[in-house]
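Each chain, letter by letter, is given below.
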Amino acid sequence: MTAKANRLNSVKEYYFSRKLREVRQLKAAGKPIINIGIGSPDLDPPITVSRAMQNALEQNNIHGYQSYQGLPEFRAAISNFYNKYYDVDINPENEILPLMGSKEGIMHISMAFLNVGDEVLIPNPGYPTYTSVTNLLEAKPVYYDLVDENNWLPDLETLEKSDLSKVKLMWVNYPHMPTGKKPTKELFKNLIAFAKKYDIILINDNPYSFILNDNPLSILNIDGAKEVALELNSLSKTFNMAGWRVGMLLGSAEHMNTVLQVKSNMDSGMFYGIQQGAIAALQSDNSWFNNLNIIYEKRRNIAWKIADALGCTYDKDASGLFVWAKLPIGLTAVQTADDLLYTYDVFLAPGTIFGTNGEGYIRLSLCVTEEVLSEVLSRILRAN
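None of the values given here were measured: they were computed from a predicted structure.

Calculation criteria
Residues numbered from 1 in each chain as written. Predicted model: local features only at pLDDT ≥ 70, side-chain atom pairs only at ≥ 80, totals over all residues. Heavy atoms only, no water. Helix = DSSP H or I, 4+ residues; strand = E, 2+ residues; numbered from the N terminus. Rg over C-alpha atoms; globule rule 2.2 N^0.38 Å. Buried < 20%, exposed > 50% of the residue type's maximum accessible area, 1.4 Å probe, protein only. Contact = heavy atoms within 4.5 Å. Areas by Shrake-Rupley, 256 points an atom, 1.4 Å probe, with all protein chains shown as cover. Lys, Arg positive; Asp, Glu negative; His and termini not counted. Charge placed at Lys NZ, Arg CZ, Asp CG, Glu CD. Disulfide = S-S within 2.5 Å. Pairing = 2+ DSSP bridges. Axes fitted to C-alpha atoms, helices over the stretch in contact; angles between N-to-C directions. Arc of directions from axis to C-beta. Core = buried A, V, L, I, M, F, W, Y, C linked by side-chain atoms within 4.5 Å. Parallel < 35°, antiparallel > 145°, perpendicular 65-115°, else oblique. Left-handed = near helix turned anticlockwise from the far one by under 90°. Expected span 1.5 Å × (residues − 1).

1. With respect to the overall build of the chain
Consideration 1: Looking only at helices and strands, the chain features 12 helices and 12 strands.
Consideration 2: A compact globule built from 384 residues should have a C-alpha radius of gyration of about 21 Å, and the chain, at 21 Å, falls within 12% of that.
Consideration 3: With the principal axes as the frame, the chain shows a C-alpha extent of 60 × 55 × 55 Å.
Consideration 4: By residue count, 56% of the 384 residues in the chain fall in the buried class.
Consideration 5: Taking contacts inside the chain between residues at least 6 apart in sequence as the whole, the part at least 24 apart equals 76%.
Consideration 6: Accessible surface computed for the chain: about 17,400 Å², of which carbon and sulfur atoms make up 48%.
Consideration 7: Charge separation in the chain, taken as the distance between the mean sites of 36 positive and 42 negative side-chain charges, equals 5 Å.

Below, the structure written as structure tokens:
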């Protein structure tokens, strides 16, 4: 059999891919497994989205290849959205690149800027894809610590004491996944100054800014940000469109053109109907976000009770689709997650899948109904 590529030796199968296979096997064996581990929204998109898709399907000549840069009206909708909600002026002609999901953007950005041996600053804890893509491209992950004692913020003074001469990219993700830490303008200003000082491209991965957060921020709101910063965003969480695979990259025209050199060789444009649905989503008013967050607030209240029942502590000011809960002293993340799976038939995420600083934490998803979360709580309370 032909040997696999050497680059695959540096990455493992995604934790959720492997663990969900086990969960399916347990379900097939009759176990009543409840999954509160995955951040895939269970709610529907705005009704205007499906109507826009239906209307698009009734049009002629819409099934062919589309522009690599997306429809002009789609880019205009992104620009208007950023202006309205983030107070960011972005040129729809050359500072926006639509993506088939922001996860695709992580690969495209990395391929566009990284050479073998370049170093990449990656948050610990953080989204595992930053590491896997870096490894696939034979660049070197360099982890910077995020810890509760520093409010899950990067310690830039400590970073400056290290050798940054080979660092090409820095990934940040605020509001942060998995901890839910919200950004401030001061944080973004400090990150921009740091990136300029060391000639680093800074990427803020920003899909959670409207979930349980009254003050959505973009790093591009900071003066001079476009010189060094890019921002990834997505409709997956904000508009419950994870399966639609609609994301966007924003930044300077020069940076967009560089990434486009990769993207234009990797796909043939996003389906016309999906772009029309995305336009409709981006034109939603504040009532959409308000109603969405009413639902998530109710779910979060129950998730907090689950954390209480497990003896955990958590930050009530955190945002996003998850509750990041600190376990009682002496308990480990993976063992606790396995105990919940095998004892209570509840699957959730151990903090260690996001990095070593996730030890001692678990992550609970809000992407299930109040009834399902209440059943999880009942199972734990009955056992106690």
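2. Observations concerning the side chain of N124
Consideration 1: Residue placement: N124 occurs in strand β3 (residues 119-124).
Consideration 2: Apart from the residues lying within four places of it in its own chain, the contact partners of N124 are Y143, Y144, D145, L146, F354, G355, T356 and N357.

3. Overview of the state of the cysteines
Consideration 1: Inspection of every chain in the model, using the stated rule, returns zero disulfides.
Consideration 2: No disulfide involves C367; its sulfur sits 19 Å from the nearest other cysteine sulfur, which is in C312.
Consideration 3: When its relative accessible area of 6% is taken as the criterion, C367 is described as buried.

4. Focus: the sheet that holds strand β9 (residues 322-326)
Consideration 1: Spatial strand order, β9-β12-β11: three strands in an open sheet with antiparallel pairing. Two strands lie at the open edges of the sheet, namely β9 and β11 (349-350), each paired on one side alone.
Consideration 2: As paired strands, β9 and strand β12 (residues 361-365) are joined by five bridges and run antiparallel to one another. Considered in β12, the bridge of K326 is made with Y361.
Consideration 3: Along the sheet, helix α10 (residues 286-309) makes contact with β9 and β12, crossing β9 at roughly 20°.

5. Structural notes on helix α8 (residues 253-263)
Consideration 1: Buried residues of α8: H255, M256, V259, L260, V262 and K263, and no others. One side of α8 holds all its buried residues, which, seen down the axis, span an arc of 150°. Among the exposed residues of α8, those pointing more than 90 degrees away from its buried face are E254 and Q261.
Consideration 2: Buried residues in α8 make contact with β2 (96-99), α4 (102-113), β6 (201-205), β7 (229-234) and β8 (247-250).

6. Some points on the nonpolar core
Consideration 1: Formed by 125 residues in total, the largest nonpolar core has its most connected members in I109 and M170.
Consideration 2: Of the residues forming this core, the biggest block, nine residues, is contributed by α10.
Consideration 3: Not counting residues up to four positions away in its chain, the partners in contact with M170 are L121, Y144, L156, L159, L191, F194, I200, I201, L202 and I203.

7. Examining unusual backbone geometry
Both trends apply: most residues other than glycine have a negative phi, and most peptide bonds are in trans.
Consideration 1: With omega at 0°, the peptide bond leading from Y174 into P175 counts as cis.
Consideration 2: Inspection of the secondary structure assignment puts P175 in the loop between β5 (167-172) and α7 (185-198).
Consideration 3: For the bond from M177 to P178, the omega torsion is 20°, close enough to zero to count as cis.
Consideration 4: Phi is positive for W152, which is not a glycine, with a value near 60°.
Consideration 5: Along the chain, W152 turns up in the loop between β4 (140-145) and α6 (156-160).
Consideration 6: Among the residues examined, W152 registers a relative accessible area of 8% and is labelled buried.
Consideration 7: Despite not being glycine, R245 shows a phi value in the positive range, around 55°.
Consideration 8: Looking at the element boundaries, R245 is found in the loop between β7 and β8.
Consideration 9: We classify R245 as partly exposed; its relative accessible area is 34%.

8. What to know about the environment of I222
Consideration 1: Tracing the chain through its elements places I222 in the loop between β6 and β7.
Consideration 2: On the basis of relative accessible area, I222 is assigned to the buried category, the value being 9%.

9. Section: the packing of helix α3 (residues 72-86) against helix α9 (residues 272-282)
Consideration 1: One way to put it is that α3 packs onto α9 with a least axis distance of 9 Å and a crossing angle of 20°. Classified by the angle between their axes, α3 and α9 sit roughly parallel to one another. In this structure, α3 meets α9 at a crossing whose hand is left-handed. Taking contact as the criterion, the partners of E73, F74, A77, I78 and F81 in α3 are, on α9, Q275, Q276, A278, I279 and L282.

10. Examining the sheet that holds β7
Consideration 1: Sheet architecture is open: seven strands sit in the order β2-β8-β7-β6-β5-β3-β4, paired in mixed fashion. Either end of the sheet is taken by a strand with one partner, and the two such strands are β2 and β4. When strand polarity is set aside, the average angle formed by the axes of neighbouring strands in this sheet is 20°.
Consideration 2: In this structure, β3 lies alongside β4, joined through six bridges in parallel fashion. What sits directly across from V120, in β4, is P141.
Consideration 3: α4 contacts β2, β5, β6, β7 and β8 of the sheet and is inclined by roughly 155° relative to β7.

11. A word on α3
Consideration 1: A rise of 1.5 Å per residue sets the reference length of α3, with its 15 residues, at 21 Å; its end C-alpha atoms lie 21 Å apart and thus fit the reference within 8%.
Consideration 2: When α3 is considered as a whole, its buried residues turn out to be F74, R75, A77, I78, S79, F81, Y82, Y85 and Y86.
Consideration 3: Those residues of α3 that are buried lie in contact with β2, β7, β8, α9 and α10.
Consideration 4: Looking one or two places after α3, you find D87, whose phi comes out positive at around 55°.

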